[in-house]
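Residue-level structural notes
Given next are the chains, with one letter for each unit.
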Amino acid sequence: MNLKSITSIFTVVFLATNLLQAQDSTAISKAKIDGVSAVVGDYIVLDSDVDKMYIELKSQGVSTEDVTRCNIMGKLLEDKLYAHHAIQDSITVSDDEINSDVNQQIDYMKSQMGGDMKKVLSFYKKDDEAAFRKELFELIKTNRLASKMTRKIVEDVEISPEEVYTFFNEIPEADRPTFGTELKIAQIVIKPKTPQREIDKVVDRLKQFKADVLENGASFASKAVLYSKDEPSRSTGGKYTLHRKKPRMVKEFRDVAFSLEEGEISEPFKTEFGYHILMVDQIRGQEVDIRHILLMPETSNENLDEARSTIDTLRTRIVDKELTFADAALEFSDEKETKFDGGQLRNPETFDHSFELTKMDPSLYAQVVNLKEGEVSDPILEYSRTGEAFYKILVVTDRKEEHVATYGKDFLKIKELALKEKQVETIAKWQKEKIKDTYIKITGDYRNCEYTNNWLKK
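One structure accompanies this document, and this report is about it. Since the model is a prediction, treat every value here as computed from it, not as a measurement. (Residues numbered from 1 in each chain as written. Predicted model: local features only at pLDDT ≥ 70, side-chain atom pairs only at ≥ 80, totals over all residues. Heavy atoms only, no water.)

Here's the deal with the nonpolar core
The nonpolar side chains of a soluble globular protein tend to be buried, and buried together. What counts here: Take the buried residues of types Ala, Val, Leu, Ile, Met, Phe, Trp, Tyr and Cys, join any two whose side-chain atoms come within 4.5 Å, and each joined set is a nonpolar core. Using a 1.4 Å probe on the protein chains alone, a residue whose accessible area is under 20% of its type maximum counts as buried, one over 50% counts as exposed, and one in between counts as partly exposed. To qualify as a helix, a DSSP run of H or I must reach at least 4 residues; to qualify as a strand, a run of E must reach at least 2; elements of each kind are numbered from the N terminus.
Ranked by internal contacts, the top residues of the largest apolar core, which has 47 residues, are Met73, Leu77, Phe132, Ile442, Tyr451 and Trp455. With nine residues, the top contributor of residues to this core is helix α6 (residues 129-154). Residues Ala186, Ile318, Leu323 and Ile393 belong to the second largest nonpolar core, which totals 17 residues.

Shown next, in the form of structure tokens:
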């Protein structure tokens, strides 16, 4: 439920507009009256767009020492070329999906401003919310079109084993890539048992919240701010925007959200995060704006000690080879996402089971860096995002030390590199052909740039 993942280039673009005048003149060339610097098909590139992207790079920590305005203009021209031909090829993006992204983006902005939309508009120097949403809508739409077009260009690109072999053998031995240490990790999670009396307390309290809103006119949003344990949504009164075709929350949460009418408040219900009540603010086609309050039953020290005792016993049985780690995970682990796969964790970046050690989440890195293959960790006390305490044990099921790439051992990684190179070549060929067939006009000093692509059609 973390909204920080929503943050994107578009926030920076808006911020750039307001910070532009404050930038040092040595970093950005002398300000000009904004005008059209290029036209690509149905799209234009303003001189200020170059400034905005320059600031965006700096805000992301990218060194701009060797980045010129010509480099940036070339990238902008590519983006407009993709978007223009996406439309020509009848590629569409759903207004509902874009509006959902706009809502999520604005929700995040508001969360940074204490939930106050007026502060957001003031910060970004915008006069009204409607114009602000429209500008953000167009930015997101263009970006989505460009992204879909690039995916379409390479969607049919495949690579044969023979091409992979040729690709690898054409790399001089001294230049072959080095792959870092990789681990496959499994875990078993034991959560403390929650007494029924504590569950009843939480459910009763949620029912009281609901009654106070319906019978006394209390504010659901205010109660979420004061009492909800869901930190990402608490500052915005528990608000989220859900889309029927874009799963975002756990199934139990979505099922309740899409079963209610506007203004209706659910009965308390359970998810893996705790107990909720949920109110529907507004339904807009495939989208629904909801607010929720999350509470969690308290866990006693006695229950936590019991969970520790359970996981200690499991570890002993595994180390003594009375149980395999995978069998113990299946039978005893309280983490449903991993228990049916032997406790194996999935890399959130690649969705497979391998983790490159140096790219691992720092907390997980600290827990496994010194484990040998097959070694079971001591019990580890952790806390969930909502503050729930639990114990876990970890095992490294496979460990590949850092090594220079070899064809047999690293075929899949080499195949991925070879495919990416072939995709880059395919995109370059597509760009070359489309530039010839597309109306492109570049004005002013940008005509003196040395571009990688033949934008000037010389």
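Next comes the rest of the write-up.
Here we look at the pattern of salt bridges
For the record, the criterion: Think of a salt bridge as a Lys or Arg side-chain nitrogen and an Asp or Glu carboxyl oxygen that are within 4 Å of each other.
Inspection of every chain in the model, using the stated rule, returns 22 salt bridges. For lysine 413, the salt bridge identified is with glutamate 182, shortest N-O distance 2.7 Å. Taken as a pair, lysine 413 in helix α16 (residues 411-437) and glutamate 182 in strand β4 (residues 182-190) lie far apart in primary sequence, 231 residues in all. For lysine 413, a relative accessible area of 27% translates into the label partly exposed. Taking the shortest distance from any N to any O, the salt bridge between glutamate 382 and lysine 392 comes out at 3.1 Å. With glutamate 382 in strand β10 (residues 380-383) and lysine 392 in strand β11 (residues 389-400), the pair connects residues that are 10 residues apart, well separated along the chain. Lysine 392 matches glutamate 382 in its accessibility class, with the two residues each being buried.

Observations regarding unusual backbone geometry
Although it is not a glycine, serine 90 adopts a positive phi angle of roughly 60°. The topology assignment puts serine 90 in the loop between α3 (69-88) and α4 (95-111). For serine 90, a relative accessible area of 61% puts it in the exposed group.

Re the state of the cysteines
As a reminder, the rule being used: By disulfide we mean two sulfur atoms from cysteines, separated by a distance within 2.5 Å.
Here the structure, examined in full by the defined rule, presents one disulfide. Each sulfur in the disulfide pair cysteine 70 and cysteine 449 lies 1.9 Å from the other. Judged by the sign of its S-S torsion, about -70°, the bond between cysteine 70 and cysteine 449 is left-handed. Taken together, the positions of cysteine 70 in helix α3 and cysteine 449 in the segment after β13 (440-442) put the pair 379 residues apart, joining distant regions of the chain. When its relative accessible area of 6% is taken as the criterion, cysteine 449 is described as buried.

What about helix α9 (residues 220-227)?
Our working definition: The arc under discussion is defined with respect to the helix axis, by the directions toward the C-beta atoms. Residues count as neighbours in contact if any of their non-hydrogen atoms are within 4.5 Å of one another. By the criterion applied in these results, polar contacts are pairs of N or O atoms within 3.5 Å in which, for protein atoms, one can donate a hydrogen and the other can accept it, and in which residues neighboring in sequence qualify only through two side-chain atoms.
Burial in α9 covers these residues: Phe220, Lys223 and Ala224. In an axial view of α9, the angular spread of the buried residues amounts to 105°, which keeps them on one side of the axis. On the buried face of α9, the contacting elements are α8 (196-216), α10 (231-234), β7 (274-284) and β8 (287-295). Between a side-chain oxygen at the N-terminus of α9 and the backbone nitrogen of alanine 221 the separation is 3.4 Å; the capping residue is serine 219.

A short note on the sheet that holds β7
Across a sheet, strands are paired by hydrogen bonds formed along the backbone, either parallel or antiparallel in direction. Convention followed: DSSP calls a pair of strands paired once it identifies at least 2 bridges connecting them. Here an angle of 0 to 180 degrees is reported between the N-to-C directions of two axes, which are lines fitted to C-alpha atoms, with helices fitted over the stretch in contact.
Read across the sheet, four strands follow the order β5-β8-β7-β6 without closing on themselves; strand pairing throughout is antiparallel. Two strands close off the open sheet at either side, each with one partner strand: β5 (239-243) and β6 (269-271). Neighbour-to-neighbour, the strand axes of the sheet open up by a mean angle of 50°, direction not taken into account. As paired elements, β7 and β8 share nine bridges and run antiparallel to each other. For isoleucine 277, the partnering residue across the bridge sits in β8 and is isoleucine 293.

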